[in-house]
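Next come the chains, spelled out residue by residue.
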Amino acid sequence: MKSVRLFAVLLLVCCSFSIAVTASAQEKAFLGKWDIQGVAPNEGVVYWLEIKKAGDGLEGWFLNRGGSVYKLPSLKIENGELTFPVSANANAPVQHAKVEGGKLTGWVTVGSNTIKWVGVRPPKWGNYNANGSHKFGAPVVLFDGKSLDAFDVQLKNRPFGWSVSDGIASNDVHGNNLVSKQKFQDFKIECEYKLEDKSNSGIYLRGRYELQVLDDYGKPTESHGHMAVYSRVAPKVNASRPKGEWQQMEAVIVGNRVTVRLNGQVVQDNTLIEGITGGALDANEGAPGPIMIQGDHEKVHFRKIVVTPIIK
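These numbers were taken from a predicted model, which means no experiment stands behind them.

(A) Structural context of the overall build of the protein chain. What the protein chain contains, in helices and strands, is one helix and 22 strands. Expressed as lengths along the three principal axes of its C-alpha atoms, the size of the protein chain is roughly 95 × 45 × 35 Å. Buried residues in the protein chain amount to 44% of all 312 residues. For the protein chain, contacts bridging at least 24 residues in sequence account for 58% of all contacts bridging at least 6. A total of about 15400 Å² of accessible surface is found on the protein chain, and carbon and sulfur atoms cover 53% of it. Looking at the protein chain, you have 36 positive and 31 negative side-chain charges, and the mean spots of the two groups are 6 Å apart.

(B) Quick look at the environment of R232. You can see R232 is positioned in the loop between β17 (209-214) and β18 (246-254). Along the backbone, R232 and I273 are 41 residues apart, and their C-alpha atoms lie at a distance of 8.0 Å. The residues contacting R232, other than those within four sequence positions of it, are W48, V69, S223, E274, G275, I276 and T277.

(C) Looking closely at the sheet that holds strand β11 (residues 151-153). Read from one edge of the open sheet, five strands run β11-β14-β21-β16-β17, paired in antiparallel fashion. Sheet topology places β11 and β17 at the edges, where each strand pairs with a single neighbour. Summarising the sheet, β11 and strand β14 (residues 178-180) pair through three bridges and their orientation is antiparallel. In the sheet register, F151 faces β14, and the bridge partner there is S180.

(D) Examining the sheet that holds strand β8 (residues 103-110) more closely. Strand order in the open sheet formed by nine strands is β4-β3-β2-β1-β9-β8-β7-β6-β5, and the pairing between neighbours is antiparallel. Unpaired on one side and paired on the other, β4 (70-71) and β5 (76-78) mark the two borders of the sheet. Relative to β4, strand β3 (residues 57-64) is paired through two bridges, and the arrangement is antiparallel. Across the sheet, F62 pairs through a bridge with Y70, a residue of β4.

(E) Inspection of the pairing of strand β2 (residues 46-54) at higher detail. Bridging between strand β1 (residues 32-38) and β2 involves six bridges; their strand directions are antiparallel. Paired with Q37 across the bridge in β2 is V46. In this sheet, β3 lies alongside β2 in antiparallel orientation, the contact comprising eight bridges. Bridge pairing in β3 links W48 to L63. Counting the residues between successive antiparallel strands, the hairpin from β2 to β3 contains two residues, one of them, G55, with a positive phi of roughly 65 degrees.

(F) Region of the structure containing the nonpolar core. By size, the foremost hydrophobic cluster in this structure holds 44 residues, and its most contacted members are I189, Y193, I203, M227 and M249. With residues near it in sequence (within four places) discarded, I203 still touches I189, C191, Y193, Y209, E210, L211, V213, M227, M249, M292, I293 and F302. The next biggest cluster of nonpolar side chains, apart from the first, holds 20 residues, and it includes F30, W34, Y47 and V108.

(G) A look at the side chain of K188. With respect to the helices, strands and loops of the structure, K188 is situated in strand β15 (residues 187-195). An unpaired buried charge is present at K188: no salt bridge exists, and E190, the closest side chain of opposite charge, is 4.3 Å distant. Leaving out residues up to four positions away in the same chain, K188 has contacts with F136, E250, A251, V252, V306, V307 and T308.

Analysis parameters
Residues numbered from 1 in each chain as written. Predicted model: local features only at pLDDT ≥ 70, side-chain atom pairs only at ≥ 80, totals over all residues. Heavy atoms only, no water. Helix = DSSP H or I, 4+ residues; strand = E, 2+ residues; numbered from the N terminus. Buried < 20%, exposed > 50% of the residue type's maximum accessible area, 1.4 Å probe, protein only. Contact = heavy atoms within 4.5 Å. Areas by Shrake-Rupley, 256 points an atom, 1.4 Å probe, with all protein chains shown as cover. Lys, Arg positive; Asp, Glu negative; His and termini not counted. Charge placed at Lys NZ, Arg CZ, Asp CG, Glu CD. Pairing = 2+ DSSP bridges. Core = buried A, V, L, I, M, F, W, Y, C linked by side-chain atoms within 4.5 Å. Salt bridge = Lys/Arg side-chain N within 4 Å of Asp/Glu carboxyl O.

By themselves, these observations are geometric and do not establish any function.
The following block contains the structure:
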């Protein structure tokens, strides 16, 4: 009788160990970061996801197309499938995903529309340094004070939404986003712009990483402030000038590192870019991308936009 009981205990321990190992293997496949893009006809849908181990469980961080990266209220992995609601709302859409062939394939139903998507791992970035010694190529003038011919717009079903007068490019309030026709990999960008009361815009590097442009003179720094890597990294100092004054920014991006100067002060110092930001044009982080100037919020005025590629 004792031997039977001992066998039962050993069987239970073995089964428990097996379940634990299986659960751990399931989790491991999902852990880490994922760059996510919708598939036809939803190629414009862009997400970002990170799954981390937290004690005995998991926690997740998600970028739901626009807005900020946020912590998921819950997530679970059962039978090889990851599920999580996109918000704490009881009726929130639920994302479903599986790891297949090293990729994360998933879907979510929003209203009557089912969006299918595929996630891949971000690039294996090298040991980049935005403050290093770089060799620059010829400057590319995207705005010369005369025309915006170097740009297209993001939303083709809307008016262009920008005009040029007296050497200054200004957007219509809630207009359109400018997207440069030329794409860039590593580069320096220099911009001069002027903000109005409560102005809100953004300068997107490679069309994926937003440096926030905001009327926040005199306010505390935070991850949505002027020259923040939007929702990810706050500026080191608030270097904003008051509305109505010309602001000068310079950013150098190399790989996944960026250094930014605003009005002569370093506000991002070789900052690690953890992933795409809200409103990114795509999730293909390893590829060259355009400069995007946000014009679908409040009023902003630009008089200089120059990109100088890094060639070594």
